[in-house]
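Summary of structural features
Each chain, letter by letter, is given below.
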Amino acid sequence: KKPFCLPPHCVVVAMRFLHLIKPVMCVLPEVRSPERNVQFKERMMWTIITLLIFLVCCQIPLYGIRSSSSADPFYWMRVILASNRGTLMELGI
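What comes next concerns the included structure. Model, not experiment: these values are computed from the prediction.

Rules of the game
Residues numbered from 1 in each chain as written. Predicted model: local features only at pLDDT ≥ 70, side-chain atom pairs only at ≥ 80, totals over all residues. Heavy atoms only, no water. Helix = DSSP H or I, 4+ residues; strand = E, 2+ residues; numbered from the N terminus. Buried < 20%, exposed > 50% of the residue type's maximum accessible area, 1.4 Å probe, protein only. Contact = heavy atoms within 4.5 Å. Areas by Shrake-Rupley, 256 points an atom, 1.4 Å probe, with all protein chains shown as cover. Salt bridge = Lys/Arg side-chain N within 4 Å of Asp/Glu carboxyl O. Patch = residues over 30% accessible without salt bridge, like charges linked within 9 Å, V, L, I, M, F, W, Y side chains within 5 Å.

Notes on the overall build of the chain
Along the chain, the regular secondary structure elements total four helices and zero strands. Seen in sequence order, the chain has helices and strands lined up from the N terminus as α-α-α-α. In the chain, which comprises 93 residues, the share counted as buried stands at 8%. Here the analysis covers contacts within the chain between residues at least 6 apart in sequence; of these, 62% occur between residues at least 24 apart. Looking at the chain as shown, the accessible area adds up to about 9,100 Å², and 70% of this sits on carbon and sulfur atoms.

Digging into the pattern of salt bridges
Scanning the entire structure with this criterion turns up two salt bridges. When the shortest N-O distance is used, the salt bridge between Glu35 and Arg32 registers 3.8 Å. A relative accessible area of 77% places Glu35 in the exposed class. Classification of Arg32 as exposed rests on a relative accessible area of 70%. Among the ionic pairs, Arg36 bridges to Glu42, the shortest N-O distance being 3.1 Å. Assessed through its relative accessible area of 26%, Glu42 is described here as partly exposed.

Thoughts on a nonpolar patch on the surface
A cluster of nonpolar side chains, namely Phe40, Met44, Ile48 and Leu52, defines an oily patch on the protein surface of about 400 Å² accessible area. Along the chain, Ile48 falls in helix H2 (residues 40-57). According to the relative accessible area criterion, Ile48 is partly exposed, its value standing at 44%.

Nothing here speaks to function; it is geometry throughout.
This is how it looks when you write it as structure tokens:
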């Protein structure tokens, strides 16, 4: 089995892109490597907690927002994200 190799023109395009963004790289924030090995159970725990917070925020209605029967431009986004109209998630919290 041959190792995966990029075509030569893709490598050239990638190198040009890296040279273009090199001056900006010193300004961008960088994420440090973890100081310890994070266990899979701990990662799953935080993922589940975050998901539960997300789902709760999708259901808590905002005070003072009335539901209207007008056109909803974000209907399909709400279907995909399991959100309701006039909730904390719609506000962006």
